[in-house]
Amino acid sequence: LSLSAGTARTAGTARTAGTVRTAAKNANMNETRQNIVVSMIVVMVLIHPTLTRRSVELLTCDSINNSGANEENAQQYLRSDLEVVCWQGKHAIWAGAVGLPFLILYSIGIPLVSFYILYKRKHKLLSDQKTVSRFGFLYLGYHVWWWEVVIMFRKVCMVLIDVVLAPSGVAIQSLITLMLLASM
């Protein structure tokens, strides 16, 4: 009888130890998952302007008149590689399959996803420690929780002004930039 009671006690201890190990492993996995989510959000926010710039550069073309005749005969060439004729052949494929989708996905998608994440949690942005540790870098430095999204869209506009209006000159770019900043 004492042998079976000892065996039962040992089996119970083993089950309890196994449960404690499983709980510790789950807690460690949750912490790792939280760290991965935070890292992904930080990286996406940091590379957002660069991804927007690269997407816009795939779509930005300049007119070059090869024949010396009127402007109607001007050919469109990719600004970043003047050997590539715009909207023909491989450029049409790259622009349609990569340029436009990534422009929409990155330049509009990242700010909208950030807004959605913060909007769903706006009631606990300051009270829940888990939310603050995950998403606090997006809103803690501002008076309103959604201001980082405005900053992201402002960056998109600045990239568009820089890339698209480059042929217009610095004076036009400066004027448009001042108008943009004054309106926000």
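Residues numbered from 1 in each chain as written. Predicted model: local features only at pLDDT ≥ 70, side-chain atom pairs only at ≥ 80, totals over all residues. Heavy atoms only, no water.

Some remarks on the nonpolar core
Move 1: In this structure, Leu 118, Phe 135, Leu 138 and Tyr 139 are the most contacted members of the largest nonpolar core, which totals 13 residues.
Move 2: Only α1 (2-57), α2 (89-120) and α3 (129-135) provide two or more residues apiece to this core.
Move 3: In terms of residues, this core owes the most to one element, α2, which gives four residues.
Move 4: If we ignore the near neighbours within four places in the chain, the residues touching Tyr 139 are Leu 118, Leu 125, Leu 126, Thr 131, Val 132 and Trp 145. (Core = buried A, V, L, I, M, F, W, Y, C linked by side-chain atoms within 4.5 Å. Buried < 20%, exposed > 50% of the residue type's maximum accessible area, 1.4 Å probe, protein only. Helix = DSSP H or I, 4+ residues; strand = E, 2+ residues; numbered from the N terminus. Contact = heavy atoms within 4.5 Å.)

Some points on helix α5 (residues 170-183)
Move 1: In a regular helix each residue adds 1.5 Å, so 14 residues correspond to 20 Å; α5 covers 20 Å between its end C-alpha atoms and thus fits that length.
Move 2: Of all the residues in α5, the buried ones are Gln 173, Thr 177 and Leu 180. For α5, the buried positions fall inside an angular range of 60° around the axis, keeping them on one side. More than 90 degrees from the buried face of α5, the exposed residues found are Ala 171, Leu 178, Ala 182 and Ser 183.
Move 3: Where α5 is buried, its residues meet α4 (147-164). (Expected span 1.5 Å × (residues − 1). Arc of directions from axis to C-beta.)

Some details on the packing of aromatic side chains
Move 1: According to the stated counting rule, one finds five aromatic pairs in the structure shown.
Move 2: Plain terms: the ring middles of Trp 146 and Trp 147 are 5.7 Å apart, the flat faces sit at 55° to each other, and that makes the pair tilted.
Move 3: An aromatic cluster of at least three residues, connected via ring pairs, comprises Phe 115, Tyr 119 and Trp 145. (Phe/Tyr/Trp six-rings, centres within 6.5 Å; stacked < 30°, edge-to-face > 60°.)

Thoughts on the pairing of strand β2 (residues 75-78)
Move 1: Direction of pairing for strand β1 (residues 61-64) relative to β2: antiparallel, over a ladder of four bridges. Its bridge partner lying in β2, Asp 62 is registered against Tyr 77.
Move 2: By the bridge criterion, two bridges tie β2 to strand β3 (residues 81-85) in an arrangement that is antiparallel. Bridged to Tyr 77 within β3 is Val 85.
Move 3: What sits between β2 and β3 in their antiparallel hairpin is a turn of two residues. (Pairing = 2+ DSSP bridges.)

Some remarks on unusual backbone geometry
Move 1: We note that Trp 87 has phi near 60°; this positive angle belongs to a residue other than glycine.
Move 2: Within the element layout of this structure, Trp 87 appears in the loop between β3 and α2.
Move 3: On the basis of relative accessible area, Trp 87 is assigned to the partly exposed category, the value being 45%.

Focus: the state of the cysteines
Move 1: This model, assessed by the stated rule, comprises one disulfide.
Move 2: With its sulfur 1.8 Å from that of its partner, Cys 61 forms a disulfide with Cys 86. Residues Cys 61 and Cys 86 share a disulfide whose torsion about the S-S bond is about -100°; that sign makes it left-handed. A residue pair is termed long-range when its members are at least 10 positions apart, and Cys 61 in strand β1 and Cys 86 in the loop between β3 and α2 qualify at 25 residues. (Disulfide = S-S within 2.5 Å.)

Quick notes on the environment of Asn 65
Move 1: Along the polypeptide, Asn 65 turns up in the loop between β1 and β2.
Move 2: Asn 65 sits 10 residues away from Gln 75 along the chain, and the two C-alpha atoms are 6.0 Å apart.

Looking at the sheet that holds β2
Move 1: Spatial strand order, β1-β2-β3: three strands in an open sheet with antiparallel pairing. Of all strands in the sheet, those with a lone pairing partner are β1 and β3, marking the two edges. On average, each strand axis in the sheet is tilted by 50° relative to the strand beside it, whichever way the strands run. (Axes fitted to C-alpha atoms, helices over the stretch in contact; angles between N-to-C directions.)

Observations regarding α4
Move 1: With 18 residues, α4 should reach 26 Å at 1.5 Å per residue; the first-to-last C-alpha distance of 25 Å fits that figure.
Move 2: Of the positions making up α4, those classed as buried are Glu 148, Val 149, Ile 151, Met 152, Val 156, Val 159, Ile 161 and Val 163.

A few points about the pattern of salt bridges
Move 1: Inspection of every chain in the model, using the stated rule, returns four salt bridges.
Move 2: Here Glu 57 ties to Arg 53 by a salt bridge, and the two come within 4.0 Å at their closest N and O atoms. You can see Glu 57 and its partner Arg 53 sitting in helix α1, four residues apart, about one turn around the helix.
Move 3: Exposure remark for Glu 57: the relative accessible area of 22% places this residue in the partly exposed category.
Move 4: For Arg 53, a relative accessible area of 25% translates into the label partly exposed.
Move 5: Measuring nitrogen to oxygen at the nearest pair gives 2.4 Å for the salt bridge that ties Arg 53 to Asp 162. One end of the pair, Arg 53, is in helix α1; the other, Asp 162, is in helix α4, with 109 residues separating them in the sequence.
Move 6: One salt-bridge network, in which partners are shared between bridges, spans Arg 53, Arg 54, Glu 57 and Asp 162. (Salt bridge = Lys/Arg side-chain N within 4 Å of Asp/Glu carboxyl O.)

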